[in-house]
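Read off the chains here:
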Amino acid sequence: MPVRKGAPALLSAGTLCAALLLTGCASPTPPAPAPTSASAPRPAPTSGDGRPAAGPPAAAANDLASAPVPAPRLPGVGPATQALVPDGTTQAFVVTGATADSNTSTATLYRRDPVRGWIKAAGPWPSHNALRGWTDDHTAGDLRTPIGVFRIGDAGGRLPDPGARLPYDEDELFAISGTGFMGEPLEGSFDHVIAIDYNRVPGRTPLDKERPLGDEKGGGVWIHVDHGGPTQACIALELEAMRELLRALDPAAEPVVVMGPASELAR
């Protein structure tokens, strides 16, 4: 499922401090201040050994001026979408379509650096999504990819594990045949897959068929190997990009996929 998801008043102490100064600390006849000359120059600040104090080193000032400004949001992602990314997440796979009806997209993996904020970790890669584009109300057979922020934590495929840190289920049941929408062969599309937690039970093999929202809301939405054309609802990457993504994703980083058309993600 999508991960959709005053300061207390400060009391002034001015009156109390004034009262204390006027009572407990006051004397009946305060001593007269020492005479000073209005025209006398003010002494320059000095260091502990009497020498004039130096200003901040130029190098330190330059370091401050050039210090990186943390990126509080993922590139291309607006405040409403960013708010759906869990606080503990430090990896985000962002898939952006040009329009709501486009079936080609761009995919980039970002990581959250403690100092620099969100920075690119891998990609960008060309990708395919569903034939008819995107939707924020996915139903089975609509040929659109769900828009939103979803956890990704389970992987598998027909081929052996390429070095994934996610749990990986190697199984011959990932085999597929037939042709896609452009007449391209589908064989090999599920050699490696990552399950997107849309209408599924996390922690299970991507082959699991349970649909918590009901079958009418679709399911089996994966990131898988690109077959050279649009998908039913999945995100598809070229084989080497898919393997690189599998090796990069870390369960400890609580990774998510952030996906949709640019106009929606920018909200």
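Residues numbered from 1 in each chain as written. Predicted model: local features only at pLDDT ≥ 70, side-chain atom pairs only at ≥ 80, totals over all residues. Heavy atoms only, no water.

To continue, consider the environment of Leu246. With respect to the helices and strands, the residue Leu246 is situated in helix α4 (residues 239-248). With relative accessibility at 0%, the residue Leu246 sits in the buried group. Sequence separation between Leu246 and Ile194 is 52 residues, and the spatial gap between their C-alpha atoms is 7.9 Å. Apart from the residues lying within four places of it in its own chain, the contact partners of Leu246 are Ala155, Pro162, Ala164, Arg165, Tyr168, His192, Val193 and Ile194. (Helix = DSSP H or I, 4+ residues; strand = E, 2+ residues; numbered from the N terminus. Buried < 20%, exposed > 50% of the residue type's maximum accessible area, 1.4 Å probe, protein only. Contact = heavy atoms within 4.5 Å.)

Here we take up the pairing of strand β2 (residues 104-113). Note that strand β1 (residues 91-97) and β2 share seven bridges and pair antiparallel. When the bridges of β2 are listed, Val94 appears paired with Thr108. Between β1 and β2, which pair antiparallel and follow one another directly, the connecting turn spans six residues. Pairing geometry for β2 and strand β3 (residues 117-128), over nine bridges, is antiparallel. In the sheet register, Asp113 faces β3, and the bridge partner there is Gly117. As consecutive antiparallel partners, β2 and β3 are separated by three residues. (Pairing = 2+ DSSP bridges.)

Take the packing of aromatic side chains next. Counted according to the given criterion, the structure contains four aromatic pairs. Summarising the aromatic geometry, the rings of Phe190 and Trp222 are spaced 4.9 Å apart at their centres and angled 75° between planes, so their arrangement reads as edge-to-face. Here Phe190 is found in the loop between β7 (168-170) and β8 (193-196), whereas its partner Trp222 is found in strand β9 (residues 222-225), with 32 residues between them in sequence. For Phe190, a relative accessible area of 18% gives the class buried. An aromatic cluster is defined as three or more aromatic residues linked by ring pairs; in this entry it consists of Phe174, Phe190 and Trp222. (Phe/Tyr/Trp six-rings, centres within 6.5 Å; stacked < 30°, edge-to-face > 60°.)

This part takes up the pattern of salt bridges. A side chain of one charge can pair with a side chain of the opposite charge if their charged atoms are brought near each other. Within this structure, the stated rule accounts for twelve salt bridges. Linking Asp208 and Arg204 is a salt bridge whose minimum nitrogen-to-oxygen distance equals 3.3 Å. On the basis of relative accessibility, which here comes to 21%, the residue Asp208 falls in the partly exposed class. A residue is classified by how much of its surface remains accessible, and Arg204, at 33% relative accessible area, is partly exposed. Glu210 is the salt-bridge partner of Arg204, the closest N and O atoms lying 2.6 Å from each other. With relative accessibility at 40%, the residue Glu210 sits in the partly exposed group. Among the charged side chains, a network of salt bridges with common partners joins Asp154, Asp197 and Arg200. (Salt bridge = Lys/Arg side-chain N within 4 Å of Asp/Glu carboxyl O.)

We now examine α4. Within the span of α4, buried status applies to Ala241, Met242, Leu245, Leu246 and Ala248. Along α4, the residues classed as buried sweep out an arc of 165° about the axis, all on the same side. (Arc of directions from axis to C-beta.)

Okay, the confidence of the model for the protein next. Mean pLDDT over the protein works out to 84, with 75% of the residues at or above the 70 mark. In the predicted structure, residues 1-42 sits below a pLDDT of 50 and forms 22 contacts with residues beyond four places in sequence or in another chain. (pLDDT = per-residue confidence, 0-100.)

Note: β3 against strand β10 (residues 235-237), two bridges, orientation antiparallel. Residue pairing across strands places Ser127 opposite Leu237, the latter belonging to β10.

All right, on to the environment of Arg116 then. Position of Arg116 relative to the elements: it lies in the loop between β2 and β3. On a C-alpha basis, the gap between Arg116 and Pro70 in space is 4.2 Å, while along the polypeptide they are 46 residues apart.

On to the side chain of Thr81, then. By the secondary structure assignment, Thr81 is in helix α3 (residues 79-82). In this view, Thr81 contacts Val149, Val258, Glu264, Leu265 and Arg267; residues no more than four positions away in its chain are not counted.

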